[in-house]
Amino acid sequence: MLKYKLYPCWILICFLGWFSAIPMASAQQEKNPQSSGTDKETQFEKITRTPFSTQNNQRFDILFTRGFLITRQDAAFDSVPLNAARSGTNVLSLGFNLPLSYRYSIDFQPGVAFFRLYFFQRSGKTFPDTILHESQKLRVSYLEFPMCFRTNLTFTEKDGKKKPVAFVQIGGSAGLRLGSSYKMETRDANNVLTTGKYHFVEGLIPLRYTGFVRLVYKSLGINVMYRFNEVFDSSKSYGYSRNGINYNVPKSDPVSGYKYPRIGEFEFGLTLVL
């Protein structure tokens, strides 16, 4: 009889235990959304924070690229004897980044490019002139508008956030010519070194279009660039006299037998990311 009397007590205890567990479950359910919300916020921060900077989570980068012209040096180039080791493009730009995820972004890098050509002094030289100087260079400046797709390859963890260590950029750029000049140093009959500078080089194409691939590790990278169009309009001719006036630098002249030269399209360079 005692056993049967204890059944209602066990039923009551089980009922009270189940009833008391309801608030605990409710409290646990209320706590989980906060935890889930925190996880979502963390993931949101991972996506929307600045994952494309190599230093201090900054919103933009400063980039400097030094390019070296890749060209042949053979007998056919004696008339335009380029010094490829000193020729090429220097670019100073600001990199603004539009993140797509922690790994991918679209980068905009407006800046200024300075394309320079240095010339050896050889007896067969016909461009930029036929005179043998101590040194001679041509410079063209462009306003550049590069855009590229960026992939972050490796990361380092700091304060619970990922920061890229290495990345690859593939993109292209359009440039508008700003100015140009020739500069040369020559010794006169008294062996005195004189400097001449002439502005506004004729025969230049006003626009330039390039494509590039860049691999950066931390703050130093290598850069390969290809120019899609020519520097000079090679369909036009140049000469050193026009309307009875002689010039030390070439002038566009349709009756001359000299054509503006074609310049090598490839450049290999180094990039510094600040």
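None of these values were measured; they are calculated from a predicted model.

Cut-offs applied
- Residues numbered from 1 in each chain as written.
- Predicted model: local features only at pLDDT ≥ 70, side-chain atom pairs only at ≥ 80, totals over all residues.
- Heavy atoms only, no water.
- Core = buried A, V, L, I, M, F, W, Y, C linked by side-chain atoms within 4.5 Å.
- Buried < 20%, exposed > 50% of the residue type's maximum accessible area, 1.4 Å probe, protein only.
- Helix = DSSP H or I, 4+ residues; strand = E, 2+ residues; numbered from the N terminus.
- Contact = heavy atoms within 4.5 Å.
- Pairing = 2+ DSSP bridges.
- Phe/Tyr/Trp six-rings, centres within 6.5 Å; stacked < 30°, edge-to-face > 60°.
- Lys NZ or Arg CZ within 6 Å of the ring centre and 35° of its normal.

Draft legend 1. Here's a closer look at the nonpolar core. Ranked by size, the top nonpolar core spans 23 residues in total, and within it Leu-117, Phe-127, Leu-138, Phe-232 and Ile-263 carry the most contacts. Put simply, the parts of the chain that give this core at least two residues each are strand E4 (111-118), strand E5 (135-158), strand E6 (161-187) and strand E10 (237-242). Excluding residues within four positions of it along the chain, Leu-138 makes contact with Phe-115, Arg-116, Leu-117, Phe-119, Ser-181, Tyr-182, Val-201 and Phe-232.

Draft legend 2. Just the pairing of strand E8 (residues 207-217), in detail. Judged from the 11 bridges that link them, E6 and E8 form a sheet pairing that is antiparallel. If you follow Gly-171 over to E8, its bridge partner there is Phe-212. Sheet analysis places E8 next to strand E9 (residues 220-227), joined by eight bridges and oriented antiparallel. Across the sheet, the residue bridging to Leu-215 is Ile-222, located in E9. Here E8 hands over to E9 after two residues, with Lys-218 in that stretch at a positive phi of 60°.

Draft legend 3. Region of interest: the pairing of E10. Pairing between E10 and strand E12 (residues 258-259): two bridges, direction antiparallel. When the bridges of E12 are listed, Tyr-238 appears paired with Tyr-258. Pairing of E10 with strand E11 (residues 245-252) involves four bridges; the strand directions are antiparallel. Across the sheet, residue Gly-239 finds its bridge partner in E11, namely Lys-251. Between E10 and E11, which pair antiparallel and follow one another directly, the connecting turn spans two residues, one of which, Asn-243, has a positive phi of 55°.

Draft legend 4. Broad picture of unusual backbone geometry. Here the residue pair Phe-127 and Pro-128 is connected by a cis peptide bond, since its omega of 5° sits within 30 degrees of zero. Secondary-structure assignment places Pro-128 in the loop between E4 and E5. Unlike most non-glycine residues, Asn-243 shows phi in positive territory, near 55°. Relative to the elements of secondary structure, Asn-243 occurs in the loop between E10 and E11. On the basis of relative accessibility, which here comes to 75%, the residue Asn-243 falls in the exposed class.

Draft legend 5. Region of the structure containing the packing of aromatic side chains. All told, the structure shown has 12 aromatic pairs when counted by the stated rule. Seen from their ring centres, Tyr-102 and Phe-155 are 5.5 Å apart, and the 45° between their planes marks the pair as tilted. Of the two residues, Tyr-102 sits in the loop between strand E2 (88-99) and strand E3 (104-108) while Phe-155 sits in strand E5, which places them 53 residues apart along the sequence. The class of Tyr-102 is partly exposed, set by a relative accessible area of 30%. The rings of Phe-119, Phe-127, Phe-232, Tyr-238, Tyr-240, Tyr-258 and Tyr-260 are connected pair by pair, giving a single aromatic cluster. When the ring centre of Phe-68 is taken as origin, the NZ or CZ atom of Arg-66, which lies over that ring, is 4.4 Å away. A cation over a ring is seen here: Arg-208 above Tyr-142, with NZ or CZ 5.1 Å from the ring centre.

Draft legend 6. Main features of the sheet that holds E10. One open sheet holds the three strands; their spatial order is E11-E10-E12, and the pairing between them is antiparallel. Each edge of the open sheet is held by one strand with a lone partner, namely E11 and E12.

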